[in-house]
Amino acid sequence: MDSENHGVRTELGCSLLKSGALNSDWLPSFALVRRSAFLPDLMWPYDMATARTVTVDRTQDPELWHRYTEDNVPIVTQWDDGRHRGPEPGDVPTSSISMPSVVFSMLRDLEVRLGDRVLEIGAGTGYNAALLGVRLGLSQVVSVEVDPAIAAAARAALERARLPVTVITGDGFEGYERGAPYDRVIATVGLREVPFAWVKQTSPGGVIVAPWGTHFSNQDAVARLVVSADGAGASGLFTGPVEFMKLRSQRLPFAGHNAYAPTGVRGAKTSSTTLPEGVFTGGAFDTAVFAIGLRVPRCTHSVASKREGARPVWFYGLDDTSWACAFFREGRTETTVYQSGPRRLWDEVESAYGWWESVGRPGHERFGLTVDAEGQTAWLDEPGESAAVG
């Protein structure tokens, strides 16, 4: 690595330390494990300046490749479950290496101790497992990866780095019972349901750190769950918003717009609302959208591009053909709403937003999650104060 790229990495380390994402406990791992050692020659970083995914090929531009590998950006390493070919970005990103600030924030939340045994769900490039291996010892870490090609690439990268952490090819939803019990479990994929298998495979008092959210949006928040003394469940608050590729078995089960409204809003019941468009366009990590997802179960939504001052926002039921559309127009405070099907999805959304406002517009850190043999429950401030309905 030349002096320019060494400077980029030093600048990244200083930035992570200043932000609190990287603490002194993880500084040796950051120093010893180069992110670039776990990235392929052809990769697709997210360029923050242009807000788009770009193609970077090490064989064509090694300097640019090195700069991105040591920058605080997420980098896609696989598209379309491996079916994608060629240098241009594919349709759906299906494996990546997270931005370092997210990686080290989640490792900080894990609060590992020397001697801890850790199960990682989602090996990806192998970088996160390498950081854990350096901190705890290589024999203390097991990583499970569902995609055989990704698992093989992670093993190869770990071997090249002389950090041969165990990588198991299998379904992370089931954990890895042969290596249990674990003191810590960390998921590098987004979840819509935390498997109770992870709780059962974690020692009492152990910690599970996982990105979790609802199908309402692609948004996640990092849940930090502590397993109860009797091992019957795990509970804890969220530490902040993130966005991860979803566990393959929990991807959005959406049939597509035409399965709901092939002729548009024709024949739907109409009403009006004064809820502002900004509720749904406030950004990827807007808490209102997260809260609405908790209160409007089995529903997803899509924000269309604005054209000629108009923007439709669509809502789709996931267990029937109910749909709704709010048609926002610039300069108007009142919006026409169209609804069809057994559920009145817009009414549910509006009610959920009203609830969020009534409890003081709480941020992600006031919400929490409990997981037990009966399922999972989201709550506000304290377990038992349910934030979800239905």
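Bear in mind that the values here come from a model prediction, so they are computed numbers and not experimental data.

About the criteria used
- Residues numbered from 1 in each chain as written.
- Predicted model: local features only at pLDDT ≥ 70, side-chain atom pairs only at ≥ 80, totals over all residues.
- Heavy atoms only, no water.
- Helix = DSSP H or I, 4+ residues; strand = E, 2+ residues; numbered from the N terminus.
- Rg over C-alpha atoms; globule rule 2.2 N^0.38 Å.
- Buried < 20%, exposed > 50% of the residue type's maximum accessible area, 1.4 Å probe, protein only.
- Contact = heavy atoms within 4.5 Å.
- Lys, Arg positive; Asp, Glu negative; His and termini not counted.
- Charge placed at Lys NZ, Arg CZ, Asp CG, Glu CD.
- Pairing = 2+ DSSP bridges.
- Axes fitted to C-alpha atoms, helices over the stretch in contact; angles between N-to-C directions.
- Core = buried A, V, L, I, M, F, W, Y, C linked by side-chain atoms within 4.5 Å.
- Parallel < 35°, antiparallel > 145°, perpendicular 65-115°, else oblique.
- Left-handed = near helix turned anticlockwise from the far one by under 90°.
- Nonpolar A, V, L, I, M, F, W, Y, C, P; charged D, E, K, R; others polar.
- Phe/Tyr/Trp six-rings, centres within 6.5 Å; stacked < 30°, edge-to-face > 60°.
- Lys NZ or Arg CZ within 6 Å of the ring centre and 35° of its normal.
- Expected span 1.5 Å × (residues − 1).

A.B. asks: Report on the overall build of the protein chain, specifying residues and quantitative values.
C.D. replies: Summing up its helical and strand segments, the protein chain has ten helices and 19 strands in all. Taking 21 Å as the expected radius of gyration for a compact globule of 390 residues, we find that the protein chain reaches 22 Å, a close match to that expectation. In the protein chain, which comprises 390 residues, the proportion classed as buried is 50%. Sequence separation of 24 or more characterises 59% of the internal contacts of the protein chain that already satisfy a separation of 6 or more. Charge separation in the protein chain, taken as the distance between the mean sites of 37 positive and 47 negative side-chain charges, equals 2 Å.

A.B. asks: Tell me about the sheet that holds strand 15 (residues 310-317), and name the residues and values.
C.D. replies: Within the open sheet, the five strands sit side by side as 13-17-16-15-14. Their pairing is antiparallel. Sheet topology places strand 13 (269-273) and strand 14 (299-303) at the edges, where each strand pairs with a single neighbour. The sheet shows a mean angle of 20° between the axes of neighbouring strands, direction not considered. Direction of pairing for strand 13 relative to strand 17 (residues 335-340): antiparallel, over a ladder of five bridges. What sits directly across from Lys269, in strand 17, is Gln339.

A.B. asks: Please provide a residue-by-residue account of the sheet that holds strand 9 (residues 182-187), values included.
C.D. replies: The mixed open sheet is built from nine strands, whose spatial order is 8-7-6-9-10-11-12-18-19. In the strand order of this sheet, the two ends are held by strand 8 (166-169) and strand 19 (375-380), each with one partner. Taken over all neighbouring pairs, the strand axes of this sheet differ in orientation by 20° on average, direction set aside. As paired elements, strand 9 and strand 10 (residues 202-212) share four bridges and run parallel to each other. Considered in strand 10, the bridge of Val185 is made with Ile208. This element, helix 6 (residues 148-160), spans strand 7 (141-145) and strand 8 of the sheet and lies at about 170° to strand 8.

A.B. asks: Describe the nonpolar core, with residues and values.
C.D. replies: With 54 residues, the main nonpolar core has Phe280, Phe315, Trp346 and Phe367 as its most contacted residues. In terms of residue count, helix 10 (residues 345-358) provides more of this core than any other element does, seven residues in total. The residues contacting Phe315, other than those within four sequence positions of it, are Phe216, Phe280, Cys299, Thr300, His301, Ser322, Trp323, Ala324, Ala326, Leu345, Trp346 and Val349. Leu16, Ala21, Phe38 and Val54 belong to the second-largest nonpolar core, a separate cluster that totals 46 residues.

A.B. asks: Residue-level account of unusual backbone geometry, with values.
C.D. replies: Following Ala180, the chain continues to Pro181 via a peptide bond in cis, the omega torsion being 5°. As for its position among the elements, Pro181 is in the loop between strand 8 and strand 9. One non-glycine residue, Arg162, lies in the positive phi region at around 55°. A positive phi is found at Arg361, a non-glycine position, where the angle reads about 50°. Of the residues examined, Arg361 reaches a relative accessible area of 45% and is grouped as partly exposed.

A.B. asks: If you had to explain the environment of Thr333 to someone new, which residues and values would you point to?
C.D. replies: Assignment of secondary structure puts Thr333 in the loop between strand 16 (323-329) and strand 17. Ignoring sequence-local partners within four residues, the contact set of Thr333 consists of Thr273 and Thr274.

A.B. asks: Explain the environment of Gly90 residue by residue, including any values.
C.D. replies: With respect to the helices and strands, the residue Gly90 is situated in the loop between strand 4 (75-79) and strand 5 (93-97). Judged by its relative accessible area of 17%, Gly90 is buried. Excluding anything up to four places from it in sequence, Gly90 contacts Trp79, Asp80 and His84.

A.B. asks: Please give an account of the packing of helix 9 (residues 287-295) against helix 10 that cites residues and values.
C.D. replies: At a minimum axis distance of 9 Å, the contact between helix 9 and helix 10 shows a crossing angle of 120°. When the axes of helix 9 and helix 10 are compared, the pair comes out oblique. The hand of the helix 9/helix 10 crossing is right-handed. Every residue of helix 10 that contacts helix 9 at Thr287, Ala288, Ala291, Ile292 and Arg295 is listed here: Val349, Ala352, Tyr353, Trp355 and Trp356. When the residues that make up the contact of helix 9 with helix 10 are grouped by side-chain class, the tally is eight nonpolar, one polar and one charged.

A.B. asks: Residue-level account of the packing of aromatic side chains, with values.
C.D. replies: Here the structure, examined in full by the defined rule, presents 19 aromatic pairs. Note on Trp314 and Trp323: the rings are 5.5 Å apart at their centroids and 50° apart in plane angle, and the pair reads as tilted. Site record: aromatic cluster; members linked through ring pairs are Trp212, Phe238, Phe290, Trp355 and Phe367. Of note, Arg9 hangs over the ring of Phe30, and the distance from its end group to the ring centre comes to 4.7 Å.

A.B. asks: Got a sec to walk through helix 10? Specific residues and values, please.
C.D. replies: For helix 10, which comprises 14 residues, the first-to-last C-alpha distance of 20 Å matches the rise-based estimate of 20 Å (1.5 Å per residue) to within 8%. Among all positions of helix 10, only Leu345, Trp346, Val349, Ala352, Tyr353, Trp355 and Trp356 are buried. Residue Gly360 follows helix 10 closely and has a positive phi angle near 95°.

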